[in-house]
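Chains, contacts and geometry: an overview
Letter by letter, the chains look like this.
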Amino acid sequence: MTKLTARQPACPHFILRSAAIAALLTGCGGGNTSNAPGAPMAPMPPASAAAPQQPVAAPPTQAPQPTPPDVVPPALLPQTPAVVPLSPGSPAAPIVPAVSPVVPVAPPSPVVPVVPPAPVVPVVPPAPVVPVVPPAPVVPVVPPAPVVPVVPPAPVVPGVAPSIVVQVADQVRTAGGQTTFSVSARGTEPLSYQWLRDGSPIAGATASNLTLPSTRLADAKSLWSVLISNNAGSVTSAAAHLSVSGMEVMAGSISEFGAIDGPAAAARFYRPIGVVLDPAGNAYVSDANRVRKIGANGIVSTVAGPGAIGPGASADFNTPAGIAIDASNNLYVADEFHHWLRKITPAGVVTTVLTPSTGFGDGRDDQFFYATGVAVDGSGNVYLKTDANTRKLAPSGVVTLIEGSDAPLTVPPIGTPVYALKGIAVDPAGAVLIAAGGCVQKIAKDNSVTTLVGSQWCSNGPTDTHFPVVALSWPAAIALDKAGNLFVADTENHVVRKITPSGVATIVAGRINLPGVVTGALPGGLNSPFGITVDANGALYVTSGSVVLQIVLP
């Protein structure tokens, strides 16, 4: 018996485009619905029971169908062969290909271009840190100095040394005014000039003339000359003299009072009264309750009383007035309201040498009040003027009454016995001069009295009539110069008067009844002059107001 084996036609294969299409596919085979996908295959019948083979009819031919877009034709799809069970005696069923439903093909996904990976950049290690070196400073290029051609020196021409054509002339000026010295010279130019004061160069004075913008009294003490020179030599002019007249403040302040030591311009005086000079040019001044010194160097100090240094510091004064000096430089001071005569040694030791109770040395009391004026003669006798009389203290200590109402003397009282400052002086012949009230009178050694200046009532008899009649007003001090001229501090008239030996009276400083210190050209102005003295050159020193003045007459 022939064993038939069913031939399973090959199934057409579909082109799978997605997983969804594969799920719809079924197996090939006609009519056996039991061979659905996932169903178990029917068992094959045994070979002996197989039916005779029937011819298999060919499947009907189907007209081709138009293929829709994006649809795969069925002929292109894979076919699953259908398994036909062969039962014995069963006619063979026609094989109908199973047509799978057309699955629309989804459009392909857009092609994403493949971006090539970025090239691998090799990591470069950092460069080593190089320290920054500051740039070297720029050194400016200095151009070379221009070459200066060497000029040969000019031939030396013999010059003419300077000579003076017109010498420096003496000058006469007033204090505070301008002074100009000039000279005329000739010689080979250029001429150089150097002005000299007392032989020493004056800084900056290198012109052909010399100008002093404000002439001082001290300038009169110097000699003025000029050195003229050139390449050929030099010559010095003759020395010129400068005469200066006028009034200047020696020490103190016109507008300020006080008791301040120091440089003359900064020093202050309260109420200077008496003034005297020593041979060295130092001035001593009685001031309030002390005695002051104006040094020749211009420094003010206190020699006795408050503010003094040394033994004189403990001295007690009560308005010291007149002051005088002897040949040994001992000072004598009329201590007015203590009614004493005081002595100050050069060492500053202060003693009281005469009091109202000292006595005359013969057992009689020496009663007096208000010691105001004092003078010393060449023999060392000291004269004290009080309110009502005048006493002489000899070096031996003997006191003599030389005028006054309380002694049996032939000399009548001079002046009115009331309190007032009264001046006294001694001339070279030993005569005593007294200023009191409205006159100045002289008591000679023979006790004769002469009126030197004053009012009519000052006359002491028919022979005492030849004097200048001047209305003095309480003269407080008098002084004599070497020529015998008498200077009177006419206190209440605010002037200083000069009386010559021939009896001529003039006003040399101040203005009548015009108080006030005015410096500069004479007559200037004074304010109640109280003290006066004269130096060896004839210059006056006057206390006025709160200053000590220096006056140089023409």
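Our structure's up above, just so we're on the same page.
Residues numbered from 1 in each chain as written. Predicted model: local features only at pLDDT ≥ 70, side-chain atom pairs only at ≥ 80, totals over all residues. Heavy atoms only, no water.

So, the overall build of the chain
Selection rule: To qualify as a helix, a DSSP run of H or I must reach at least 4 residues; to qualify as a strand, a run of E must reach at least 2; elements of each kind are numbered from the N terminus. Type-normalised accessible area, obtained with a 1.4 Å probe on protein chains alone, sets the label of each residue: buried when under 20%, exposed when over 50%, and partly exposed for intermediate values. In what follows, residue pairs with any heavy atoms lying within 4.5 Å of each other are defined as contacts. Residue exposure ignores everything except the shown protein chains as possible cover, and the areas themselves are Shrake-Rupley values with a 1.4 Å probe.
Counting its secondary structure elements, the chain contains 1 helix and 34 strands. Taking all 554 residues of the chain together, 40% fall into the buried category. In the chain, 50% of the contacts between residues at least 6 apart in sequence involve partners at least 24 apart. In the form shown here, the chain has an accessible surface area of approximately 30,200 Å², with 62% of it arising from carbon and sulfur atoms.

Some remarks on the sheet that holds strand β23 (residues 399-404)
Note the threshold: Here, strands pair whenever DSSP counts at least two bridges between them. Only the stretch in contact is used when fitting a helix axis, every axis being a line fitted to C-alpha atoms; angles between N-to-C directions are given from 0 to 180 degrees.
Strand order in the open sheet formed by 4 strands is β20-β21-β22-β23, with antiparallel pairing between adjacent strands. Here the strands that pair on one side only, and so sit at the sheet edges, are β20 (373-376) and β23. Recorded for the sheet is a direction-independent mean angle of 20 degrees between the axes of neighbouring strands. Here 4 bridges tie β20 to strand β21 (residues 382-385), and the two strands are oriented antiparallel to one another. Residue pairing across strands places Gly373 opposite Lys385, the latter belonging to β21.

So, the packing of aromatic side chains
Heads up, the condition is: Only rings of Phe, Tyr and Trp enter the pairing, Trp through its six-membered ring, and a pair is recorded when the two centres are within 6.5 Å. The plane angle decides the type: under 30 degrees is stacked, over 60 is edge-to-face, the rest tilted.
For the structure on display, the rule yields 2 aromatic pairs. With 5.5 Å between their ring centres and 20 degrees between their planes, Phe181 and Trp224 make a pair best called stacked. In this pair, Phe181 sits in strand β3 (residues 179-182) while Trp224 sits in strand β8 (residues 223-230), placing the two residues 43 residues apart along the sequence. Each member of the pair, Phe181 together with Trp224, is buried. Between Phe337 and Tyr370 the ring centres are 5.9 Å apart and the planes differ by 85 degrees, which places this aromatic pair in the edge-to-face class.

Brief notes about the pattern of salt bridges
Where we set the bar: The salt bridge definition used is simple: a Lys or Arg side-chain nitrogen within 4 Å of an Asp or Glu carboxyl oxygen.
According to the stated counting rule, one finds 8 salt bridges in the structure shown. Put simply, Glu256 and Arg268 hold a salt bridge, and the shortest N to O gap is 2.8 Å. Separated by 12 residues along the polypeptide, Glu256 in the loop between β10 (240-252) and β11 (262-263) and Arg268 in the loop between β11 and β12 (272-277) bring together distant segments of the chain. A salt bridge links Lys385 to Glu403; the shortest N-O distance between them is 3.5 Å.

Side note on the pairing of β8
Summarising the sheet, strand β5 (residues 192-197) and β8 pair through 6 bridges and their orientation is antiparallel. Its bridge partner lying in β8, Gln194 is registered against Leu227. Looking at chain direction, β8 and β10 are connected through 2 bridges and run antiparallel. Within the sheet, the bridge partner assigned to Trp224 lies in β10 and is Ala240. Inspection of the sheet shows β8 paired to strand β9 (residues 233-236) by 4 bridges, in the antiparallel sense. Among the inter-strand pairings, Ser229 is bridged to a residue of β9, identified as Ser234. With antiparallel pairing between neighbouring strands as the criterion, β8 and β9 make up a hairpin whose turn holds 2 residues.

What to know about the environment of Gly187
With respect to the secondary-structure elements, Gly187 resides in the loop between β4 (184-186) and β5. With 25 residues separating them along the chain, Gly187 and Pro162 place their C-alpha atoms 4.2 Å apart. Each residue touching Gly187, except ones within four places of it in the same chain, is listed here: Val160, Ala161, Pro162 and Asn230.

Quick notes on the nonpolar core
For clarity, the threshold we go by: Residues grouped as a nonpolar core are buried Ala, Val, Leu, Ile, Met, Phe, Trp, Tyr and Cys residues, joined through side-chain atoms within 4.5 Å.
Among the nonpolar cores identified, the biggest contains 32 residues, and Val168, Phe181, Val183, Trp195, Val226, Ile228 and Ile294 are the most heavily contacted of them. Looking at this core, the elements with two or more residues in it are β5, β7 (209-212), β8, β10, β12, β13 (283-287) and β34 (547-552). Sorting elements by how many residues they give to this core places β10 first, with 4 residues. When residues no more than four places from it in sequence are discounted, the contact partners of Val168 are Phe181, Ser182, Val183, Trp195, Trp224, Val226, Ser237, Ala238 and Ala240. If you look at the next biggest cluster of nonpolar residues, it comprises 17 residues, including Ala479, Val496, Leu526 and Leu540.

Quick notes on unusual backbone geometry
A cis geometry characterises the amide bond from Glu189 onward to Pro190, with omega recorded as 0 degrees. Looking at the secondary structure, you find Pro190 in the loop between β4 and β5. With omega at 15 degrees, the peptide bond leading from Leu522 into Pro523 counts as cis. Mapping Pro523 onto the fold places it in the loop between β31 (505-510) and β32 (531-534). Despite not being glycine, Ala288 shows a phi value in the positive range, around 55 degrees. Note that Ala288 resides in the loop between β13 and β14 (290-294). For Ala288, a relative accessible area of 25% gives the class partly exposed. Within the chain, Asn447 stands out as a residue other than glycine whose phi angle is a positive 70 degrees. Along the chain, the position of Asn447 falls in the loop between β26 (439-443) and β27 (449-454).

These figures come from the coordinates and say nothing about function on their own.
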